[in-house]
Amino acid sequence: MQGTVATFDEDTRTGTVLLDDGAQLQFPAAAFDASGLRHLRLGQRIRIDHDADGNVVKVTLPTLP
C-alpha cells in the first residue's frame, strides 16, 4: 500500500502516513529503520509494508525494492 507522509519526527524516527482512502496510519521507528532511509519529508510519497497482523514493518520510497 502507499500513502503520503503526514508527520515525521527525526528524533524518534516515527510518523504518520495519510493513506489514499484518507485514513491515517502510524509507523514505528523499527519500520523506518528497516527502510535504510535517512530522512522523510512531509508530503513525500512512500510505500508501506506490513506483516500478516497488519503491523507496519517497513516504509520505503515507491521506486525502491
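Residues numbered from 1 in each chain as written. Predicted model: local features only at pLDDT ≥ 70, side-chain atom pairs only at ≥ 80, totals over all residues. Heavy atoms only, no water.

Considering the overall build of the chain
A count of helical and extended segments in the chain gives one helix and five strands. Each helix and strand of the chain, ordered N terminal to C terminal, gives the series β-β-β-α-β-β. Against the 2.2 N^0.38 benchmark of 11 Å for 65 residues, the chain shows a C-alpha radius of gyration of 10 Å, consistent with a compact globule. Sorting the 65 residues of the chain into buried and exposed places 32% on the buried side. Put simply, of all contacts in the chain between residues at least 6 apart along the chain, 39% involve residues at least 24 apart. Split by element, the accessible area of the chain, about 4,000 Å² in all, is 50% carbon and sulfur. Side chains of the chain carry 6 positive and 9 negative charges; the gap between the two charge centres is 9 Å. (Helix = DSSP H or I, 4+ residues; strand = E, 2+ residues; numbered from the N terminus. Rg over C-alpha atoms; globule rule 2.2 N^0.38 Å. Buried < 20%, exposed > 50% of the residue type's maximum accessible area, 1.4 Å probe, protein only. Contact = heavy atoms within 4.5 Å. Areas by Shrake-Rupley, 256 points an atom, 1.4 Å probe, with all protein chains shown as cover. Lys, Arg positive; Asp, Glu negative; His and termini not counted. Charge placed at Lys NZ, Arg CZ, Asp CG, Glu CD.)

Observations concerning the environment of T12
With respect to the helices and strands, T12 occurs in the loop between β1 (2–9) and β2 (14–19). The sequence separation of T12 and Q24 amounts to twelve residues, and the corresponding C-alpha distance is 18 Å. Engagement of the side chain of T12 in a polar contact is seen with the side chain of T14, the distance being 2.8 Å. (Polar contact = N/O pair within 3.5 Å; in protein donor to acceptor, adjacent residues only side chain to side chain.)

Regarding the packing of aromatic side chains
Taken as a whole, this structure holds two aromatic pairs when the rule is applied. Here the aromatic rings of F8 and F27 are separated by 6.3 Å at their centres, their planes lie at 20°, and the arrangement is stacked. Taken together, the residues span a long stretch of sequence, with F8 in strand β1 and F27 in strand β3 (residues 24–27) at a distance of 19 residues. Here F8 matches F27 in class, with each residue buried. What makes F8 buried here is its relative accessible area of 16%. In this structure an aromatic cluster arises from ring pairing among F8, F27 and F32. (Phe/Tyr/Trp six-rings, centres within 6.5 Å; stacked < 30°, edge-to-face > 60°.)

Overview of the sheet that holds β3
Sheet architecture is open: five strands sit in the order β3-β2-β1-β4-β5, paired in antiparallel fashion. This sheet does not close on itself; its edge strands, each paired only once, are β3 and β5 (56–60). In this sheet, neighbouring strand axes are inclined to one another by 40° on average, regardless of whether the strands run parallel or antiparallel. (Pairing = 2+ DSSP bridges. Axes fitted to C-alpha atoms, helices over the stretch in contact; angles between N-to-C directions.)

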